[in-house]
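A structural walkthrough
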Number of protein chains: 2
Amino acid sequence: MSGRTWGGTTLADRKAVRRQQLLIAALELVGEAGMAGVSVRAVCRTAKLTERYFYESFADREELLVAVFDQVSAEAAVALFEAADIGGGTEAVAKAAVAAFVELIVDDPARRIVLLAAPLSEPALARRQTELLPRFISVVQGQAPGSMSAQEREMGALAVLGALQSLFLAYVDGRLTVGRDALVSYCVRMLISAYRVGSRMGITD
Amino acid sequence: MSGRTWGGTTLADRKAVRRQQLLIAALELVGEAGMAGVSVRAVCRTAKLTERYFYESFADREELLVAVFDQVSAEAAVALFEAADIGGGTEAVAKAAVAAFVELIVDDPARRIVLLAAPLSEPALARRQTELLPRFISVVQGQAPGSMSAQEREMGALAVLGALQSLFLAYVDGRLTVGRDALVSYCVRMLISAYRVGSRMGITD
DNA sequence: CTTTATTGACTACGACTGTTGTCAATCCTA
DNA sequence: TAGGATTGACAACAGTCGTAGTCAATAAAG
């Protein structure tokens, strides 16, 4: 049965192709109309597939969104790892990674929405992002000081993520009027110093 | 004409009452179904008013949302100012304010969504929040160091806002498993040290 | 009582949604 | 060629949406 073909391809291959078509269509819709533009019918319409094929790969919209997020995240991770692979100290690495990320989100509205904005309004993506967060953070921060508890580390990562999301989204919205270099520089410094919040107990003003 | 009454009240008064009914209905819908639950028809249904009265006070959904945001923000600001009005140093003030804010958002899901989550998915609210941000931040941070540029101050405020949003939303979602005291403590330290990022030029690791 | 303003309950337009089923046409294998 | 799998194009159900107009009933003032 699995060897049977249609148009020269197996059913498994056709399913994989259709699945990818749906992911691409969803990302395209995000870019055009934001997350609200991603409905089952809209995605199928854009992919030129009937709704039957949606349910071939995804139980519901949420499952599709998570798959889109995973795919875009994986691409972003590759870009970050490549940008950070320049050797040098923590600051140089952080700067390269942040600059690469700023370029990615400025240049690609759809991916920006998926990576930064969507997790803020889609609970499933927020959870997924939280799961993947340590991986992204580790690119630029290396090892946390041993004195930090797991909780401090967790809070630090979430705080950094929130801060970056806020800054980047404000920057592209025009709510933050600074140059790109200043933004990158600030983010780098923030990333590097983030552990200081947690690593210095008993701070007084 | 303005003195003419209906049921003992003037037209202006009735308009004000209906407007408030719509605001209350919107907040109630937020609590039940998130921002997606707030449509013109749903709000009017909940307020038991016909759609005509929606357009009496608001041009569209966005204008209603901004009004809801403004009202909830004003209430939150009062709560923060009262909590912070305890005298003492910056840390004590910050702690009181953060603890009060955490209590507010944990106890009131609708207000939490309006204050923290909605600005992340509704552009008009993001802009409004950016405008009001300096006011909230000033409660707990007093004056920024004179050495900071306006840009650094702006970025610092946005970073802090994003960090707090991220931490609080993760906390109430169960994505961040720490105690409330640990969260408050971390946020206070972060708030107090946020200016250090900007105030120390040329940080090296 | 007459006139005007206000209210409440619809209708209309032109779409949209998620999910599932039906049926005819096409393709493939034996 | 026959049988079964696959495809493509719908229809169906039961709703939803934003915006504006219509009309009868009610209220108020002179």
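So, here's what we can say about the structure. (Residues numbered from 1 in each chain as written. Chains lettered and ligands numbered in written order. Predicted model: local features only at pLDDT ≥ 70, side-chain atom pairs only at ≥ 80, totals over all residues. Heavy atoms only, no water.)

We now examine the protein's contact with DNA strand D. The local shell around DNA strand D holds 21 residues, among which A:R14, A:R52, B:G7, B:R41 and B:Y55 are the closest. Per the 4 Å cut-off to the protein, sugar and phosphate atoms form 57% of the nearby atoms of DNA strand D. Contact distances for DNA strand D include 2.9 Å between a phosphate oxygen and a side-chain N or O atom of B:S39. Measuring from a phosphate oxygen of DNA strand D, one finds a backbone N or O atom of B:V40 at 2.9 Å. Counting only elements with at least two residues in the surface near DNA strand D, the list comes to α1 (11-33) and α3 (51-57) of chain A together with β1 (5-6), α2 (40-47) and α3 (51-57) of chain B. (Near = heavy atom within 4 Å. Polar contact = N/O pair within 3.5 Å; in protein donor to acceptor, adjacent residues only side chain to side chain. Helix = DSSP H or I, 4+ residues; strand = E, 2+ residues; numbered from the N terminus.)

It is worth spelling out the relation of the copies chain A and chain B at this point. Once turned by 180° and shifted 0.0 Å along the axis, chain A lies on chain B with an RMSD of 0.1 Å. In short, the pair behaves as if placed about a two-fold rotation axis. When the interface residues of chain A are mapped onto chain B, 100% of them again lie at the interface, so the same face is used by both copies. (Least-squares fit on C-alpha atoms with pLDDT ≥ 70 in both. Contact = heavy atoms within 4.5 Å.)

In this section: the protein's contact with DNA strand C. Around DNA strand C, the surrounding shell holds 22 residues, and the nearest of these are A:G7, A:R41, A:Y55, B:R14 and B:R52. For DNA strand C, the backbone portion of the atoms within 4 Å of the protein, that is sugar and phosphate, comes to 58%. Within the backbone of A:V40, a nitrogen or oxygen atom sits 2.9 Å from a phosphate oxygen of DNA strand C. Sorting the residues of the surface near DNA strand C by element identifies β1 (5-6), α2 (40-47) and α3 of chain A together with α1 (11-33) and α3 of chain B as the ones contributing at least two each. In terms of residue count, α2(A) provides more of the surface near DNA strand C than any other element does, four residues in total. Among the residues making up the surface near DNA strand C, the classes are represented as seven nonpolar, five polar and ten charged. (Nonpolar A, V, L, I, M, F, W, Y, C, P; charged D, E, K, R; others polar.)

Turning our attention to the interface of chain A and chain B. Tallying the contact residues gives 38 residues for chain A and 39 residues for chain B. Around 3,600 Å² of area is buried between chain A and chain B when both sides are counted, 60% of it from carbon and sulfur atoms. Here chain A and chain B share two salt bridges between them. A salt bridge links A:E152 to B:R189, with the shortest nitrogen-to-oxygen separation between them at 3.1 Å. (Buried area = accessible area lost by both parts, 1.4 Å probe. Salt bridge = Lys/Arg side-chain N within 4 Å of Asp/Glu carboxyl O.)

Within the structure shown, the criterion is met by six aromatic pairs over all chains. Aromatic pair A:F101 and A:F168: ring centres 5.6 Å apart, planes at 40°, arrangement tilted. Of the two residues, A:F101 is situated in helix α5 (residues 90-107) and A:F168 in helix α8 (residues 150-173); the sequence distance between them amounts to 67 residues. Neither A:F101 nor A:F168 differs from the other in exposure class; each is buried. Seen from their ring centres, B:F54 and B:Y55 are 5.2 Å apart, and the 75° between their planes marks the pair as edge-to-face. The structure contains a cluster of three or more aromatic residues connected by ring pairs, namely A:F54, A:Y55 and A:F58. The ring of A:Y53 carries the charged tip of A:R52 above its face, separated from the ring centre by 5.6 Å. (Phe/Tyr/Trp six-rings, centres within 6.5 Å; stacked < 30°, edge-to-face > 60°. Buried < 20%, exposed > 50% of the residue type's maximum accessible area, 1.4 Å probe, protein only. Lys NZ or Arg CZ within 6 Å of the ring centre and 35° of its normal.)

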